[in-house]
Amino acid sequence: MIIKLAPQLVNLAATLILMLSFAMISQRRISSLINLFTIQGAALVAASILLGYVTHQPDLYISAALTLALKVIFIPWMLHRVIRKLNVRWDVETLINIPTTMLVGIGLVIFSFSLAWPISRLSHNLAGGSLGIALAVVLLSFMMMITRSKAVPQIIGFLSIENGLVFAAISVTNGMPMIVEFGVALDLLVAVLILGVFMFQIREKIDSLDIHKLEALKED
Amino acid sequence: MSWLGLLSQLMAIVMALLLAPLMTGWVNQWRARLQNKSAPSLLQPYFVLHKLFNKESVLAEHASPLFRAAPYIVFGCMLLACAIIPTLSTDLPLSPAADAIALVGLFALARVFISLAAMDVGTAFGTMGARREMLVGFLAEPALLMVLFCASMVSRSTSLTTIVETLAHREFTIYPSFLVTGVAFTMVSLAENARVPVDNPETHLELTMIHESMILEYSGRHLALLEWAASLKLLAYSCIGLALFFPWGIAEANAPLALLLALPVLLAKLAVGGFLLALIETLSAKMRVFRVPEFLGSAFLLAVIGLLVNILLGVS
(Lines give C-alpha, C1' and ligand atoms only; values in the text may rest on other atoms or scores of the structure.)
Protein backbone atom coordinates (compact mmCIF):
# COMPACT_ATOMS: atom_id res chain seq x y z
CA MET A 1 0.00 0.00 0.00
CA ILE A 2 2.64 2.53 1.07
CA ILE A 3 4.91 1.48 -1.82
CA LYS A 4 2.10 2.09 -4.27
CA LEU A 5 1.18 5.44 -2.77
CA ALA A 6 4.80 6.53 -2.26
CA PRO A 7 5.18 8.70 -5.40
CA GLN A 8 1.92 10.47 -4.56
CA LEU A 9 3.00 11.00 -0.97
CA VAL A 10 6.34 12.44 -2.08
CA ASN A 11 4.50 14.77 -4.44
CA LEU A 12 2.21 15.72 -1.55
CA ALA A 13 5.24 16.64 0.58
CA ALA A 14 6.66 18.58 -2.37
CA THR A 15 3.42 20.54 -2.75
CA LEU A 16 3.39 21.25 0.98
CA ILE A 17 6.96 22.62 0.77
CA LEU A 18 5.98 24.81 -2.19
CA MET A 19 2.87 26.09 -0.41
CA LEU A 20 4.93 26.97 2.65
CA SER A 21 7.41 28.94 0.52
CA PHE A 22 4.48 30.84 -0.86
CA ALA A 23 3.11 31.44 2.63
CA MET A 24 6.52 32.76 3.69
CA ILE A 25 6.43 35.34 0.92
CA SER A 26 3.08 36.64 2.11
CA GLN A 27 3.95 36.53 5.81
CA ARG A 28 4.72 39.81 7.54
CA ARG A 29 5.53 38.69 11.07
CA ILE A 30 8.99 37.37 11.83
CA SER A 31 7.98 34.79 14.45
CA SER A 32 5.33 33.26 12.13
CA LEU A 33 7.97 33.21 9.41
CA ILE A 34 10.22 31.08 11.62
CA ASN A 35 7.32 28.73 12.39
CA LEU A 36 6.58 28.31 8.67
CA PHE A 37 10.25 27.52 8.11
CA THR A 38 10.08 24.88 10.85
CA ILE A 39 7.09 23.19 9.21
CA GLN A 40 8.90 23.27 5.86
CA GLY A 41 11.84 21.47 7.48
CA ALA A 42 9.46 18.89 8.95
CA ALA A 43 7.92 18.26 5.50
CA LEU A 44 11.43 17.76 4.13
CA VAL A 45 12.19 15.24 6.90
CA ALA A 46 8.99 13.33 6.08
CA ALA A 47 9.87 13.26 2.37
CA SER A 48 13.40 11.96 3.05
CA ILE A 49 12.21 9.20 5.39
CA LEU A 50 9.59 8.13 2.86
CA LEU A 51 12.06 8.07 -0.03
CA GLY A 52 14.60 6.23 2.11
CA TYR A 53 12.00 3.60 3.02
CA VAL A 54 10.78 3.09 -0.53
CA THR A 55 14.16 3.06 -2.30
CA HIS A 56 15.89 1.12 0.52
CA GLN A 57 18.60 3.70 1.04
CA PRO A 58 19.58 4.01 4.67
CA ASP A 59 21.68 7.15 4.02
CA LEU A 60 18.46 9.05 3.45
CA TYR A 61 17.53 8.31 7.07
CA ILE A 62 20.78 9.93 8.20
CA SER A 63 20.03 12.90 5.96
CA ALA A 64 16.55 13.09 7.49
CA ALA A 65 18.01 12.97 11.00
CA LEU A 66 20.44 15.79 10.13
CA THR A 67 17.60 17.90 8.71
CA LEU A 68 15.49 17.22 11.78
CA ALA A 69 18.22 18.17 14.21
CA LEU A 70 19.31 21.27 12.34
CA LYS A 71 16.33 22.75 10.52
CA VAL A 72 13.45 21.64 12.71
CA ILE A 73 14.99 21.91 16.15
CA PHE A 74 18.24 23.88 16.38
CA ILE A 75 17.94 26.71 13.84
CA PRO A 76 14.32 27.67 14.65
CA TRP A 77 15.19 27.63 18.36
CA MET A 78 18.18 29.86 17.73
CA LEU A 79 16.26 32.27 15.50
CA HIS A 80 13.49 32.53 18.07
CA ARG A 81 16.14 33.31 20.69
CA VAL A 82 17.75 35.92 18.47
CA ILE A 83 14.53 37.79 17.75
CA ARG A 84 13.61 37.68 21.41
CA LYS A 85 16.98 39.11 22.43
CA LEU A 86 17.00 41.71 19.66
CA ASN A 87 13.37 42.49 20.34
CA VAL A 88 12.42 42.43 16.65
CA ARG A 89 9.05 40.72 16.68
CA TRP A 90 7.49 43.63 14.80
CA ASP A 91 6.00 43.51 11.34
CA VAL A 92 8.35 42.77 8.47
CA GLU A 93 8.60 45.56 5.93
CA THR A 94 8.85 44.60 2.31
CA LEU A 95 10.28 46.52 -0.59
CA ILE A 96 7.51 45.78 -3.07
CA ASN A 97 4.01 45.28 -1.68
CA ILE A 98 2.93 41.74 -0.96
CA PRO A 99 0.32 41.16 -3.72
CA THR A 100 2.86 42.21 -6.36
CA THR A 101 5.45 39.91 -4.82
CA MET A 102 2.98 37.04 -4.92
CA LEU A 103 2.14 37.71 -8.56
CA VAL A 104 5.85 37.67 -9.41
CA GLY A 105 6.00 34.45 -7.37
CA ILE A 106 3.32 32.85 -9.58
CA GLY A 107 5.42 33.86 -12.60
CA LEU A 108 8.44 32.14 -11.08
CA VAL A 109 6.41 29.00 -10.40
CA ILE A 110 5.17 28.90 -14.01
CA PHE A 111 8.74 29.47 -15.26
CA SER A 112 10.26 26.67 -13.20
CA PHE A 113 7.41 24.26 -13.92
CA SER A 114 7.70 24.78 -17.66
CA LEU A 115 11.48 24.38 -17.39
CA ALA A 116 11.22 21.12 -15.48
CA TRP A 117 8.23 19.66 -17.33
CA PRO A 118 10.18 18.14 -20.29
CA ILE A 119 12.72 16.64 -17.88
CA SER A 120 10.06 15.06 -15.71
CA ARG A 121 8.45 13.55 -18.84
CA LEU A 122 11.73 11.78 -19.60
CA SER A 123 12.62 10.56 -16.14
CA HIS A 124 11.49 7.21 -14.81
CA ASN A 125 12.27 8.35 -11.33
CA LEU A 126 10.03 7.86 -8.34
CA ALA A 127 9.26 11.54 -8.04
CA GLY A 128 10.18 13.10 -11.37
CA GLY A 129 7.61 15.85 -11.00
CA SER A 130 9.17 17.22 -7.86
CA LEU A 131 12.16 18.71 -9.70
CA GLY A 132 9.98 21.56 -10.92
CA ILE A 133 8.59 22.12 -7.45
CA ALA A 134 12.09 22.14 -5.92
CA LEU A 135 13.24 24.67 -8.52
CA ALA A 136 10.21 26.83 -7.76
CA VAL A 137 11.00 26.70 -4.02
CA VAL A 138 14.60 27.79 -4.68
CA LEU A 139 13.49 30.71 -6.88
CA LEU A 140 10.73 31.80 -4.47
CA SER A 141 13.12 31.81 -1.53
CA PHE A 142 15.65 33.70 -3.60
CA MET A 143 13.00 36.29 -4.36
CA MET A 144 12.20 36.51 -0.66
CA MET A 145 15.85 37.30 0.08
CA ILE A 146 15.75 40.05 -2.53
CA THR A 147 12.50 41.67 -1.47
CA ARG A 148 12.97 41.71 2.29
CA SER A 149 14.97 44.46 3.87
CA LYS A 150 15.41 43.06 7.36
CA ALA A 151 18.20 40.65 8.29
CA VAL A 152 16.20 37.81 9.87
CA PRO A 153 13.80 37.22 6.93
CA GLN A 154 16.80 37.23 4.60
CA ILE A 155 18.45 34.49 6.63
CA ILE A 156 15.22 32.49 6.54
CA GLY A 157 15.13 32.95 2.76
CA PHE A 158 18.68 31.66 2.54
CA LEU A 159 17.84 28.60 4.65
CA SER A 160 14.72 27.99 2.60
CA ILE A 161 16.81 27.95 -0.61
CA GLU A 162 18.82 25.19 1.02
CA ASN A 163 15.58 23.31 1.78
CA GLY A 164 14.69 23.44 -1.92
CA LEU A 165 18.13 22.23 -2.98
CA VAL A 166 18.13 19.33 -0.53
CA PHE A 167 14.67 18.35 -1.69
CA ALA A 168 15.78 18.40 -5.33
CA ALA A 169 18.79 16.27 -4.41
CA ILE A 170 16.88 13.60 -2.52
CA SER A 171 13.97 13.36 -4.95
CA VAL A 172 15.87 13.40 -8.24
CA THR A 173 19.16 11.69 -7.47
CA ASN A 174 18.06 9.70 -4.40
CA GLY A 175 20.40 11.59 -2.11
CA MET A 176 23.79 13.21 -2.30
CA PRO A 177 26.92 11.35 -1.19
CA MET A 178 27.06 11.28 2.58
CA ILE A 179 30.22 13.36 2.78
CA VAL A 180 28.57 16.17 0.78
CA GLU A 181 25.53 15.94 3.00
CA PHE A 182 27.61 16.32 6.15
CA GLY A 183 29.59 19.16 4.59
CA VAL A 184 26.43 21.08 3.67
CA ALA A 185 24.96 20.55 7.12
CA LEU A 186 28.14 21.79 8.78
CA ASP A 187 28.30 24.79 6.43
CA LEU A 188 24.74 25.67 7.23
CA LEU A 189 25.32 25.42 10.95
CA VAL A 190 28.39 27.65 10.80
CA ALA A 191 26.62 30.09 8.47
CA VAL A 192 23.68 30.47 10.81
CA LEU A 193 25.94 30.92 13.83
CA ILE A 194 28.00 33.57 12.05
CA LEU A 195 24.89 35.31 10.75
CA GLY A 196 23.49 35.26 14.27
CA VAL A 197 26.60 36.97 15.63
CA PHE A 198 26.49 39.38 12.68
CA MET A 199 22.95 40.41 13.51
CA PHE A 200 23.97 41.36 17.03
CA GLN A 201 26.93 43.31 15.65
CA ILE A 202 24.87 45.13 13.01
CA ARG A 203 22.33 45.99 15.64
CA GLU A 204 25.02 47.30 17.98
CA LYS A 205 26.63 49.46 15.27
CA ILE A 206 23.65 50.96 13.46
CA ASP A 207 20.84 50.41 15.93
CA SER A 208 18.65 48.62 13.38
CA LEU A 209 18.47 45.40 11.40
CA ASP A 210 17.50 47.19 8.21
CA ILE A 211 20.14 46.26 5.64
CA HIS A 212 19.60 49.48 3.69
CA LYS A 213 21.18 51.48 6.45
CA LEU A 214 24.43 49.70 5.59
CA GLU A 215 24.47 51.26 2.13
CA ALA A 216 25.59 54.69 3.32
CA LEU A 217 29.24 54.74 4.23
CA LYS A 218 29.18 57.54 6.77
CA GLU A 219 26.62 58.94 9.09
CA ASP A 220 25.01 62.13 8.02
CA MET B 1 -34.85 9.37 -13.62
CA SER B 2 -35.58 6.69 -11.07
CA TRP B 3 -37.74 6.71 -7.95
CA LEU B 4 -34.60 6.31 -5.92
CA GLY B 5 -33.10 9.36 -7.57
CA LEU B 6 -36.21 11.36 -6.78
CA LEU B 7 -36.10 10.12 -3.22
CA SER B 8 -32.46 11.04 -2.73
CA GLN B 9 -33.12 14.49 -4.22
CA LEU B 10 -36.02 15.03 -1.82
CA MET B 11 -33.92 13.77 1.08
CA ALA B 12 -31.13 16.18 0.15
CA ILE B 13 -33.47 19.18 0.12
CA VAL B 14 -35.29 18.30 3.34
CA MET B 15 -32.00 17.47 5.02
CA ALA B 16 -30.53 20.81 3.97
CA LEU B 17 -33.54 22.78 5.24
CA LEU B 18 -33.61 21.02 8.59
CA LEU B 19 -29.90 20.65 9.14
CA ALA B 20 -28.73 24.15 8.20
CA PRO B 21 -29.84 25.92 11.42
CA LEU B 22 -28.49 22.98 13.44
CA MET B 23 -25.09 23.41 11.80
CA THR B 24 -25.10 27.13 12.67
CA GLY B 25 -26.09 26.28 16.25
CA TRP B 26 -23.32 23.69 16.46
CA VAL B 27 -20.67 26.17 15.29
CA ASN B 28 -21.96 28.87 17.67
CA GLN B 29 -21.97 26.45 20.57
CA TRP B 30 -18.41 25.33 19.97
CA ARG B 31 -17.20 28.86 19.48
CA ALA B 32 -18.75 29.92 22.77
CA ARG B 33 -17.16 26.95 24.53
CA LEU B 34 -13.73 27.60 23.05
CA GLN B 35 -13.95 31.23 24.13
CA ASN B 36 -14.91 30.30 27.71
CA LYS B 37 -18.43 31.68 27.38
CA SER B 38 -21.55 29.79 28.40
CA ALA B 39 -22.79 28.15 25.22
CA PRO B 40 -26.25 28.80 23.76
CA SER B 41 -28.56 25.87 23.16
CA LEU B 42 -27.88 23.79 20.07
CA LEU B 43 -31.44 24.55 18.95
CA GLN B 44 -31.13 28.33 19.41
CA PRO B 45 -31.23 29.10 15.63
CA TYR B 46 -34.57 27.24 15.38
CA PHE B 47 -35.99 29.30 18.26
CA VAL B 48 -34.81 32.50 16.55
CA LEU B 49 -36.40 31.44 13.25
CA HIS B 50 -39.66 30.52 15.03
CA LYS B 51 -39.71 33.87 16.83
CA LEU B 52 -38.99 35.86 13.66
CA PHE B 53 -41.61 34.05 11.57
CA ASN B 54 -44.26 34.93 14.15
CA LYS B 55 -43.35 38.61 14.21
CA GLU B 56 -44.73 41.33 12.08
CA SER B 57 -42.52 42.45 9.22
CA VAL B 58 -41.86 46.17 9.16
CA LEU B 59 -40.86 47.83 5.89
CA ALA B 60 -39.14 51.14 5.42
CA GLU B 61 -41.34 53.89 4.00
CA HIS B 62 -39.53 54.17 0.66
CA ALA B 63 -38.77 50.48 0.20
CA SER B 64 -39.33 49.29 -3.37
CA PRO B 65 -40.77 45.88 -4.33
CA LEU B 66 -37.18 44.71 -4.84
CA PHE B 67 -36.57 45.09 -1.12
CA ARG B 68 -39.49 42.81 -0.42
CA ALA B 69 -38.57 40.26 -3.09
CA ALA B 70 -34.89 39.97 -2.20
CA PRO B 71 -35.24 37.62 0.82
CA TYR B 72 -37.25 35.13 -1.23
CA ILE B 73 -34.75 35.23 -4.12
CA VAL B 74 -31.78 34.80 -1.80
CA PHE B 75 -33.44 31.95 0.04
CA GLY B 76 -34.39 30.28 -3.25
CA CYS B 77 -30.84 30.56 -4.59
CA MET B 78 -29.35 28.98 -1.49
CA LEU B 79 -31.91 26.18 -1.44
CA LEU B 80 -31.23 25.38 -5.10
CA ALA B 81 -27.49 25.44 -4.38
CA CYS B 82 -27.99 22.94 -1.57
CA ALA B 83 -30.12 20.80 -3.87
CA ILE B 84 -27.47 20.44 -6.59
CA ILE B 85 -24.49 19.79 -4.33
CA PRO B 86 -24.09 16.04 -3.77
CA THR B 87 -24.48 15.63 -0.03
CA LEU B 88 -26.01 12.19 0.43
CA SER B 89 -26.04 10.69 -3.05
CA THR B 90 -24.63 11.49 -6.46
CA ASP B 91 -27.92 10.46 -8.07
CA LEU B 92 -29.59 13.86 -8.14
CA PRO B 93 -32.18 14.57 -10.85
CA LEU B 94 -31.70 18.33 -10.38
CA SER B 95 -27.94 18.33 -10.73
CA PRO B 96 -27.79 18.43 -14.57
CA ALA B 97 -29.51 21.82 -14.23
CA ALA B 98 -26.35 23.48 -12.94
CA ASP B 99 -22.68 22.58 -12.92
CA ALA B 100 -19.90 24.06 -10.80
CA ILE B 101 -19.79 27.29 -12.80
CA ALA B 102 -23.54 27.83 -12.57
CA LEU B 103 -23.29 27.12 -8.84
CA VAL B 104 -20.87 30.02 -8.42
CA GLY B 105 -23.33 32.04 -10.54
CA LEU B 106 -26.15 31.15 -8.13
CA PHE B 107 -24.15 32.47 -5.20
CA ALA B 108 -23.40 35.60 -7.23
CA LEU B 109 -27.10 36.11 -8.02
CA ALA B 110 -27.97 35.95 -4.33
CA ARG B 111 -25.18 38.39 -3.56
CA VAL B 112 -26.31 40.90 -6.17
CA PHE B 113 -29.89 40.87 -4.90
CA ILE B 114 -29.03 41.22 -1.24
CA SER B 115 -26.64 44.07 -2.06
CA LEU B 116 -29.27 45.85 -4.17
CA ALA B 117 -31.81 45.44 -1.40
CA ALA B 118 -29.34 46.82 1.13
CA MET B 119 -28.84 49.91 -1.05
CA ASP B 120 -32.56 50.19 -1.77
CA VAL B 121 -33.59 51.78 1.52
CA GLY B 122 -30.73 54.25 1.38
CA THR B 123 -29.31 53.95 4.87
CA ALA B 124 -25.60 54.59 5.33
CA PHE B 125 -24.93 51.20 6.87
CA GLY B 126 -26.75 49.31 4.14
CA THR B 127 -24.83 51.03 1.34
CA MET B 128 -21.52 50.55 3.08
CA GLY B 129 -22.22 46.87 3.71
CA ALA B 130 -23.32 46.32 0.11
CA ARG B 131 -20.13 47.85 -1.26
CA ARG B 132 -17.96 45.79 1.05
CA GLU B 133 -19.91 42.65 0.14
CA MET B 134 -19.22 43.31 -3.54
CA LEU B 135 -15.52 43.84 -2.75
CA VAL B 136 -15.36 40.49 -0.98
CA GLY B 137 -17.51 38.83 -3.62
CA PHE B 138 -15.63 39.82 -6.72
CA LEU B 139 -12.38 38.58 -5.21
CA ALA B 140 -13.80 35.38 -3.72
CA GLU B 141 -15.64 34.21 -6.84
CA PRO B 142 -12.60 33.70 -9.13
CA ALA B 143 -10.81 31.90 -6.29
CA LEU B 144 -13.79 29.58 -5.79
CA LEU B 145 -13.96 28.96 -9.54
CA MET B 146 -10.26 28.06 -9.64
CA VAL B 147 -10.73 25.61 -6.76
CA LEU B 148 -13.62 23.97 -8.59
CA PHE B 149 -11.65 23.93 -11.88
CA CYS B 150 -8.82 22.14 -10.12
CA ALA B 151 -11.23 19.35 -9.16
CA SER B 152 -12.69 19.48 -12.68
CA MET B 153 -9.24 18.88 -14.17
CA VAL B 154 -8.96 15.64 -12.22
CA SER B 155 -12.40 14.36 -13.15
CA ARG B 156 -12.65 16.06 -16.57
CA SER B 157 -16.09 17.43 -15.87
CA THR B 158 -17.53 20.53 -14.29
CA SER B 159 -20.58 18.64 -13.10
CA LEU B 160 -20.40 18.29 -9.32
CA THR B 161 -21.91 14.81 -9.30
CA THR B 162 -19.32 13.53 -11.79
CA ILE B 163 -16.53 15.09 -9.75
CA VAL B 164 -17.71 13.32 -6.61
CA GLU B 165 -18.19 10.02 -8.42
CA THR B 166 -14.65 10.23 -9.80
CA LEU B 167 -13.08 11.17 -6.50
CA ALA B 168 -15.01 8.85 -4.22
CA HIS B 169 -15.56 5.70 -6.17
CA ARG B 170 -12.36 5.19 -8.13
CA GLU B 171 -9.09 3.77 -6.89
CA PHE B 172 -7.80 5.78 -3.94
CA THR B 173 -5.34 8.39 -5.18
CA ILE B 174 -3.72 11.33 -3.43
CA TYR B 175 -3.89 14.49 -5.51
CA PRO B 176 -1.19 16.84 -4.16
CA SER B 177 -2.91 19.84 -5.74
CA PHE B 178 -5.86 19.34 -3.39
CA LEU B 179 -3.65 20.30 -0.47
CA VAL B 180 -3.18 23.78 -1.92
CA THR B 181 -6.73 24.20 -3.18
CA GLY B 182 -8.04 22.97 0.19
CA VAL B 183 -6.32 25.87 1.91
CA ALA B 184 -7.61 28.25 -0.77
CA PHE B 185 -11.15 26.91 -0.39
CA THR B 186 -11.03 27.34 3.39
CA MET B 187 -10.01 30.98 2.96
CA VAL B 188 -12.78 31.60 0.42
CA SER B 189 -15.45 29.99 2.57
CA LEU B 190 -14.42 32.04 5.59
CA ALA B 191 -14.83 35.21 3.52
CA GLU B 192 -18.05 34.15 1.81
CA ASN B 193 -19.79 33.08 5.00
CA ALA B 194 -18.90 36.26 6.89
CA ARG B 195 -16.64 34.43 9.32
CA VAL B 196 -14.06 35.90 11.64
CA PRO B 197 -10.91 36.86 9.78
CA VAL B 198 -13.04 38.80 7.29
CA ASP B 199 -16.28 39.59 9.08
CA ASN B 200 -17.74 38.83 12.49
CA PRO B 201 -21.14 37.09 12.34
CA GLU B 202 -21.90 37.94 15.96
CA THR B 203 -21.87 41.71 15.93
CA HIS B 204 -24.66 44.15 15.31
CA LEU B 205 -23.88 47.80 14.85
CA GLU B 206 -20.17 47.72 14.48
CA LEU B 207 -18.33 49.78 11.88
CA THR B 208 -16.51 46.77 10.46
CA MET B 209 -19.53 44.53 9.86
CA ILE B 210 -20.38 43.40 6.34
CA HIS B 211 -23.19 40.87 6.29
CA GLU B 212 -25.04 42.22 9.30
CA SER B 213 -25.10 45.77 7.98
CA MET B 214 -26.88 44.62 4.82
CA ILE B 215 -29.75 42.97 6.67
CA LEU B 216 -30.16 45.65 9.34
CA GLU B 217 -33.36 47.00 7.79
CA TYR B 218 -35.09 43.64 7.62
CA SER B 219 -37.44 42.30 10.25
CA GLY B 220 -39.98 39.55 10.80
CA ARG B 221 -40.34 36.84 8.19
CA HIS B 222 -37.94 38.57 5.79
CA LEU B 223 -35.17 38.53 8.37
CA ALA B 224 -36.02 34.92 9.20
CA LEU B 225 -35.62 33.95 5.54
CA LEU B 226 -32.31 35.77 5.30
CA GLU B 227 -31.01 34.13 8.48
CA TRP B 228 -32.10 30.75 7.19
CA ALA B 229 -30.46 31.50 3.85
CA ALA B 230 -27.21 32.37 5.64
CA SER B 231 -27.30 29.00 7.43
CA LEU B 232 -28.03 27.27 4.12
CA LYS B 233 -25.05 29.03 2.58
CA LEU B 234 -22.79 27.82 5.38
CA LEU B 235 -24.12 24.30 4.89
CA ALA B 236 -23.70 24.54 1.12
CA TYR B 237 -20.07 25.64 1.42
CA SER B 238 -19.33 22.93 3.98
CA CYS B 239 -20.89 20.37 1.66
CA ILE B 240 -18.87 21.61 -1.35
CA GLY B 241 -15.74 21.28 0.77
CA LEU B 242 -16.69 17.78 1.89
CA ALA B 243 -17.65 16.76 -1.64
CA LEU B 244 -14.32 17.93 -3.09
CA PHE B 245 -11.88 16.97 -0.37
CA PHE B 246 -13.54 14.20 1.68
CA PRO B 247 -16.06 12.61 -0.69
CA TRP B 248 -16.00 9.14 0.87
CA GLY B 249 -19.36 7.99 2.10
CA ILE B 250 -21.54 9.76 -0.48
CA ALA B 251 -23.77 7.14 -2.09
CA GLU B 252 -23.71 6.29 -5.79
CA ALA B 253 -26.72 5.85 -8.00
CA ASN B 254 -28.83 2.73 -7.36
CA ALA B 255 -27.39 2.02 -3.96
CA PRO B 256 -30.21 2.27 -1.39
CA LEU B 257 -28.14 0.82 1.45
CA ALA B 258 -25.32 3.29 0.91
CA LEU B 259 -27.92 6.07 0.92
CA LEU B 260 -28.96 5.02 4.43
CA LEU B 261 -25.37 5.00 5.56
CA ALA B 262 -24.62 8.35 3.93
CA LEU B 263 -26.61 10.40 6.44
CA PRO B 264 -24.68 9.43 9.61
CA VAL B 265 -21.39 9.78 7.70
CA LEU B 266 -22.39 13.27 6.53
CA LEU B 267 -23.43 14.26 10.05
CA ALA B 268 -20.10 13.11 11.45
CA LYS B 269 -18.16 14.99 8.78
CA LEU B 270 -20.20 18.16 9.30
CA ALA B 271 -19.72 17.92 13.07
CA VAL B 272 -15.94 17.77 12.67
CA GLY B 273 -16.03 20.54 10.05
CA GLY B 274 -18.15 22.79 12.29
CA PHE B 275 -15.75 22.27 15.18
CA LEU B 276 -12.77 23.15 12.97
CA LEU B 277 -14.57 26.30 11.77
CA ALA B 278 -15.16 27.37 15.38
CA LEU B 279 -11.50 26.66 16.12
CA ILE B 280 -10.29 28.80 13.20
CA GLU B 281 -12.62 31.59 14.25
CA THR B 282 -11.36 31.48 17.81
CA LEU B 283 -7.69 31.38 16.90
CA SER B 284 -7.67 34.20 14.35
CA ALA B 285 -8.20 37.88 14.87
CA LYS B 286 -10.44 39.93 12.62
CA MET B 287 -8.40 41.69 9.98
CA ARG B 288 -8.76 45.21 8.65
CA VAL B 289 -11.10 45.56 5.68
CA PHE B 290 -8.17 46.78 3.56
CA ARG B 291 -6.34 43.52 4.20
CA VAL B 292 -9.24 41.49 2.77
CA PRO B 293 -8.17 41.90 -0.91
CA GLU B 294 -4.72 40.60 0.03
CA PHE B 295 -6.24 37.65 1.89
CA LEU B 296 -8.51 36.68 -0.99
CA GLY B 297 -5.79 37.40 -3.55
CA SER B 298 -3.61 34.84 -1.79
CA ALA B 299 -6.49 32.37 -1.91
CA PHE B 300 -6.82 32.91 -5.67
CA LEU B 301 -3.08 32.51 -6.26
CA LEU B 302 -2.97 29.35 -4.13
CA ALA B 303 -5.78 27.90 -6.23
CA VAL B 304 -3.82 28.80 -9.39
CA ILE B 305 -0.79 26.98 -7.94
CA GLY B 306 -3.07 23.99 -7.46
CA LEU B 307 -3.91 24.06 -11.18
CA LEU B 308 -0.21 24.39 -12.07
CA VAL B 309 0.72 21.45 -9.84
CA ASN B 310 -1.99 19.41 -11.59
CA ILE B 311 -0.40 20.22 -14.94
CA LEU B 312 3.15 19.53 -13.74
CA LEU B 313 2.29 16.18 -12.24
CA GLY B 314 0.26 15.27 -15.29
CA VAL B 315 -2.97 14.49 -13.47
CA SER B 316 -5.40 15.46 -16.18
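Residues numbered from 1 in each chain as written. Chains lettered and ligands numbered in written order. Predicted model: local features only at pLDDT ≥ 70, side-chain atom pairs only at ≥ 80, totals over all residues.

1. Section: the overall build of chain B
Counting its regular elements, chain B contains 11 helices and 0 strands. Secondary structure elements in chain B, listed N-terminal to C-terminal, are α-α-α-α-α-α-α-α-α-α-α. The C-alpha radius of gyration computed for chain B amounts to 19 Å, which stays within 12% of the reference 20 Å derived for 316 residues, consistent with globular compactness. Each principal axis of the C-alpha distribution contributes one length, and for chain B these read about 60 × 45 × 40 Å. Expressed as a percentage of its 316 residues, the buried residues of chain B come to 49%. (Helix = DSSP H or I, 4+ residues; strand = E, 2+ residues; numbered from the N terminus. Rg over C-alpha atoms; globule rule 2.2 N^0.38 Å. Buried ≥ 20, exposed ≤ 12 C-beta atoms within 10 Å, placed from the backbone.)

2. Here we look at the environment of L94(B)
All names here are of chain B. Mapped onto the elements, L94 comes out in the loop between α3 (65–84) and α4 (100–120). In this structure L94 comes out as partly exposed when scored by C-beta crowding, with 14 C-beta atoms within 10 Å. Placed 14 residues apart in sequence, L94 and L80 show a C-alpha to C-alpha distance of 8.8 Å. Residues in contact with L94, not counting those within four places in the same chain, are Q9, A83 and I84. (Contact = placed C-beta atoms within 7 Å.)

3. Looking at helix α2 (residues 30–55) of chain A
With 26 residues, α2(A) should cover 38 Å at 1.5 Å per step; its first-to-last C-alpha distance of 37 Å lies within 8% of that length. The positive-phi residue at the C-terminal boundary of α2(A) is H56(A), with phi of around 55°. (Expected span 1.5 Å × (residues − 1).)

4. Topic: the packing of helix α3 (residues 58–86) of chain A against helix α6 (residues 151–172) of chain A
The angle between the axes and the distance between the axes are what describe a pair of packed helices. Residues and elements named next belong to chain A. Here α3 crosses α6 at 175°, and the two axes come no closer than 12 Å. Our classification of the angle between α3 and α6 gives roughly antiparallel. Taking contact as the criterion, the partners of L60, S63, T67, K71, I75, L79 and I83 in α3 are, on α6, V152, L159, N163, V166 and I170. Looking at side-chain class alone, the contact of α3 with α6 contains 8 nonpolar, 3 polar and 1 charged residues. (Axes fitted to C-alpha atoms, helices over the stretch in contact; angles between N-to-C directions. Parallel < 35°, antiparallel > 145°, perpendicular 65-115°, else oblique. Nonpolar A, V, L, I, M, F, W, Y, C, P; charged D, E, K, R; others polar.)

5. Remarks on the environment of Y53(A)
Residues and elements named next belong to chain A. If you trace the backbone, Y53 turns up in helix α2. With 15 C-beta atoms packed within 10 Å, Y53 lands in the partly exposed category. With 47 residues separating them along the chain, Y53 and A6 place their C-alpha atoms 9.4 Å apart.

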